[in-house]
Amino acid sequence: MTETLPPCPECSSAYTYEMGALLICPECGHEWSPASAAPAGGTEGKVIRDAVGNVLADGDTVTVIKALKVKGSPTGIKAGAKVRNIRLVDGLDGHDIDCRIDGFGPMQLKSSVVKKA
């Protein structure tokens with residue numbers, strides 16, 4: 001066998017095998033077609049949008065649209081708080097904005113709770 005199969009897109013396992021027209025991962029059970037695996041290689045084209053649908057970019061200023069509770073803090077982040085100079089990242093659990101909020105310090109926010117100012 002001279003062809004190497006791509007790793008699983010779900011768990012990155014190298015033990016994928018081909019069954020008919022599908023590729024299958026024995027570790028997590030994920031099945032996908034080889035045609036869909038090829039264009040999924042780049043995350044550079046990923047567009048992050050705010051709660052209203054505006055496209056966000058690094059360096060933008062956003063406004064928090066709902067009050068947020070902050071673990072370990074008696075007060076949370078109030079709705080209407082401005083956050084300047086955001087940075088877009090691939091965070092955990094949908095937290096795709098890295099920023100510094102006055103009075104709280106560095107935080108990660110979800111793009112669904114902010115709107116572009």
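Values in this document were obtained by computation on a predicted structure and should not be read as measured data.

Q: Would you mind showing me how to read the nonpolar core here?
A: As a rule of thumb, nonpolar side chains are buried together in soluble globular proteins. In terms of nonpolar packing, the biggest core is built from 16 residues, with Ile77, Val83, Ile97, Cys99, Ile101, Leu109 and Val114 touching the most fellow members. Looking at this core, the elements with two or more residues in it are β4 (62-64), β7 (95-101) and β8 (105-110). The element that contributes the greatest number of residues to this core is β7, accounting for three residues. Leave out the neighbours within four places in its chain, and Val114 touches Asp50, Ala51, Leu56, Val62, Thr63, Val64, Ile65, Ile97 and Leu109.

Q: Is there a simple way to explain the sheet that holds β4 in this structure?
A: One key point about sheets: their strands pair by backbone hydrogen bonds, in either a parallel or an antiparallel sense. A sheet is described by the order of its strands in space; here three strands give the open sequence β5-β4-β9, paired in antiparallel fashion. Two strands close off the open sheet at either side, each with one partner strand: β5 (82-83) and β9 (114-116). Sheet analysis places β4 next to β9, joined by three bridges and oriented antiparallel. Its bridge partner being in β9, Thr63 is matched across the sheet by Lys115.

Thresholds applied
Residues numbered from 1 in each chain as written. Predicted model: local features only at pLDDT ≥ 70, side-chain atom pairs only at ≥ 80, totals over all residues. Heavy atoms only, no water. Core = buried A, V, L, I, M, F, W, Y, C linked by side-chain atoms within 4.5 Å. Buried < 20%, exposed > 50% of the residue type's maximum accessible area, 1.4 Å probe, protein only. Helix = DSSP H or I, 4+ residues; strand = E, 2+ residues; numbered from the N terminus. Contact = heavy atoms within 4.5 Å. Pairing = 2+ DSSP bridges.

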